[in-house]
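# Per-entry structural report
What follows is each chain in one-letter form.
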Amino acid sequence: MKVFVATKETQGQRPNDFFFGTEGELVKFGSECDEGSADDKCGCHRCMIGFDTNKAVTTFKVVHMNMTMEKYQAKYRESLIASGWVKLMTEKELDTWVKEDTKALVHYADVVSIGIPLEKRGNAIQIRHLDPPAKTVPKTIKAQHKAKA
Ligand SMILES: [Zn+2]
């Protein structure tokens, strides 16, 4: 099945990138603040969380993993329990969380090509451009600016 995993590819392309997880670990959605934006100081609106480390990363990709949905859900459940977030939940609430999130993750991963670096921007998962965005003003614009001065 196709799943999201953490990757360091394209890390640093955005100045506010971070990677606290482990290369290749499965990633899930994290909890997010009600307010803020993808580029705010918190970072919760631009990251995914590693299953194993429960730590945040801003870059991930889709890989094919030999795994059943049951195994995937079991790993997800273990990850949530390890994170400590489920202490105040009932077993039924946890079941619902696991089912809904894993279904969404697999659904999104399924429509993305394998191996392409991705990023999360608010509610959107999008492809990372392989070339870093231009950091300097293009020469033509500089030339026009000079001519005016
Ligand atoms: Zn936040």
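Predicted, not measured: the structure shown is a model, and the values here were computed from it. All residue numbers here refer to positions counted from 1 along the written sequence of the relevant chain. The predicted nature of this model means local features are confined to residues of pLDDT at least 70 and side-chain atom pairs, given and counted, to a pLDDT of 80 or more, with totals for whole chains, interfaces and linings taken over all residues.

This part is about the sheet that holds strand E2 (residues 27-28). Here the rule is simple: two strands pair whenever DSSP picks up at least two bridges between them. Only DSSP runs of H or I reaching four residues or more are called helices, and only runs of E reaching two or more are called strands; each is numbered from the N terminus. An order of E2-E3-E4 is seen for the 3 strands of this open sheet, with the pairing classed as antiparallel. Taken across any chain shown, the strands that pair with only one partner, and hence form the sheet edges, are E2 and strand E4 (56-57). Bridge count for E2 against strand E3 (residues 48-50) is 2 bridges, and the pairing is antiparallel. By the bridge assignment for E3, lysine 28 is matched with isoleucine 49.

Glancing now at helix H1 (residues 69-83). Between the first and last residue of a helix there are one fewer steps than residues, each counted as 1.5 Å, and that sum is the expected span. An ideal rise of 1.5 Å per residue puts 21 Å on 15 residues; H1 measures up with 21 Å between its terminal C-alpha atoms. Glycine 84 occupies a position one or two residues after H1 and carries a positive phi of about 85 degrees.

For the rest of this paragraph, the subject is the pairing of strand E1 (residues 2-6). Residue burial is a threshold on neighbouring C-beta atoms within 10 Å of the residue's own C-beta, all placed from the backbone, with 20 or more meaning buried, 12 or fewer meaning exposed, and counts in between meaning partly exposed. A large share of E1 lies buried, amounting to 4 of its 5 residues. As judged from the 5 bridges shared by E1 and strand E5 (residues 60-64), these two strands associate in the antiparallel manner. The residue of E5 that forms the bridge with alanine 6 is phenylalanine 60.

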